[in-house]
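Here is how the chains run, residue by residue.
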Amino acid sequence: MKACLPALSLSLSLLASAATAGPVTVDNCGTPLTFETAPERMVVHDINMADMAFALGLQDRMVGVTGISGWYKTSPAFDERRGDIPELAPKYPTLETLVAASPDLFFAGWYYGMKPGGDVTPDTLAAQNVKTLVLTESCIHLDKSRPAASMDLLFDDVLRLGAVFGKTSEAEALVAAWKDRLDAIEAAVPAGSEPPRVFLYDSGSDKPFTAGRYAITTAMIEAAGGTNVTGDMETSWGTTSWEAVATANPEFLILLDYQGGDGAAGLMAFLKDHPVMRLTDAVKNERYLPLRYEELTPGPANIEAIEKIARAMNPDAF
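Worth saying up front: this structure is predicted, and the values here are computed from it rather than measured. (Residues numbered from 1 in each chain as written. Predicted model: local features only at pLDDT ≥ 70, side-chain atom pairs only at ≥ 80, totals over all residues. Heavy atoms only, no water.)

Engineer: Please give an account of the side chain of Thr240 that cites residues and values.
Structural biologist: Along the chain, the position of Thr240 falls in the loop between strand S12 (237-239) and helix H9 (242-248). With residues near it in sequence (within four places) discarded, Thr240 still touches Lys207, Pro208, Thr210, Thr230, Met233 and Val245. (Helix = DSSP H or I, 4+ residues; strand = E, 2+ residues; numbered from the N terminus. Contact = heavy atoms within 4.5 Å.)

Engineer: Requested: an account of the nonpolar core, with residues and values cited.
Structural biologist: Ranked by size, the top nonpolar core spans 66 residues in total, and within it Met42, Phe107, Met151, Leu154 and Ile254 carry the most contacts. Membership of the second largest hydrophobic core comes to 15 residues, among which are Tyr201, Trp242, Leu267 and Val283. (Core = buried A, V, L, I, M, F, W, Y, C linked by side-chain atoms within 4.5 Å. Buried < 20%, exposed > 50% of the residue type's maximum accessible area, 1.4 Å probe, protein only.)

Engineer: So what's going on with the environment of Ala188? Residues and values would help.
Structural biologist: Looking at the element boundaries, Ala188 is found in helix H7 (residues 168-188). You can call Ala188 partly exposed: its relative accessible area is 25%. Each C-alpha atom of the pair Ala188 and Phe318 lies 6.6 Å from the other, and the pair is 130 residues apart in sequence. When near neighbours in sequence (up to four residues on either side) are disregarded, Ala188 contacts Ala317 and Phe318.

Engineer: So what about the sheet that holds strand S13 (residues 252-256)? Which residues, and what values?
Structural biologist: Pairing in this open sheet of four strands is parallel, and the strands run S11-S9-S13-S14 from one edge to the other. Looking at the sheet topology across the chains shown, the edges are occupied by strand S11 (227-228) and strand S14 (288-291). Bridge count between strand S9 (residues 197-201) and S11: two bridges; the pairing is parallel. By the bridge assignment, Val198 is partnered in S11 with Asn228. Sitting on the sheet, helix H13 (residues 301-313) is in contact with S9, S13 and S14, with an inclination near 165 degrees to S14. (Pairing = 2+ DSSP bridges. Axes fitted to C-alpha atoms, helices over the stretch in contact; angles between N-to-C directions.)

Engineer: So, the packing of helix H8 (residues 216-223) against H13: which residues are in play, and what are the values?
Structural biologist: Put simply, H8 and H13 touch, their axes get as near as 9 Å, and they point 45 degrees apart. When the interaxial angle is binned, H8 and H13 end up oblique. Viewed along their axes, H8 and H13 form a crossing whose handedness is right-handed. Across from Ile216, Met220 and Ala223 in H8, the residues of H13 making contact are Asn302, Ala305 and Ile306. For the contact of H8 with H13, a count of residues per class yields five nonpolar, one polar and no charged. (Parallel < 35°, antiparallel > 145°, perpendicular 65-115°, else oblique. Left-handed = near helix turned anticlockwise from the far one by under 90°. Nonpolar A, V, L, I, M, F, W, Y, C, P; charged D, E, K, R; others polar.)

What follows is the structure, encoded as structure tokens:
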């Protein structure tokens, strides 16, 4: 898959050259968000968004992270990059918790640290003089006119962070390297064959929780040469029926390897016992790949995850 930067990304290059160059305006779910100077005290929610900040070397601007240990496994590399940055809340933070850290920026998203109508929103934080940079993938929850997912969800968020913190050149270099790697993956995947049908199983027993049209995971599956069998769901993340998934007969599974329980192995055991899913090609042939949360939500780990998916589906091509 070859993605080109949209007009927004190009405009960021013109807007930001250094942290002291003056006001910078970025798109924030369709609304302009202006920074007179680069933030000095940022709180970041979730492991995937923390990885974005780490990739740009923003640890010295981070006064806290939230929403990591309550759900996800970290890694030695993540823990090393995080250093002594404190975790302010293991899951969703309260407004009081955030305000106590005296941030000037909260990097989060809808259902990535914030809920519509909840305690923590851009409006409630603005009343405390805290700006909110919203994860682009999550904008669909308030703006149903968003385009379908593409890898620009990752690229543009990193470019926005770079613009806001005066690190445009670093952000552009990251994005360029990621695009080169995706081009190499695309070149390695066999052309002309029918894309393998892929199902992402996140969680859920009565109904599966999975990725739809607006989740970056759908774009990742496509970049790896597959097609998401739930990619027509008009949401980013949501539920569908087991019957619908089984009718699509996925040939390959991506299993989200959460912390706690039996992880991906437990999900596979459930599918093997399920009355309709056990009949699908993917389950019968045990074709699956466990991936971590940060690999399947917008963040730098997406690129390596795409290569893992492509290799698992086309082992002879790599």
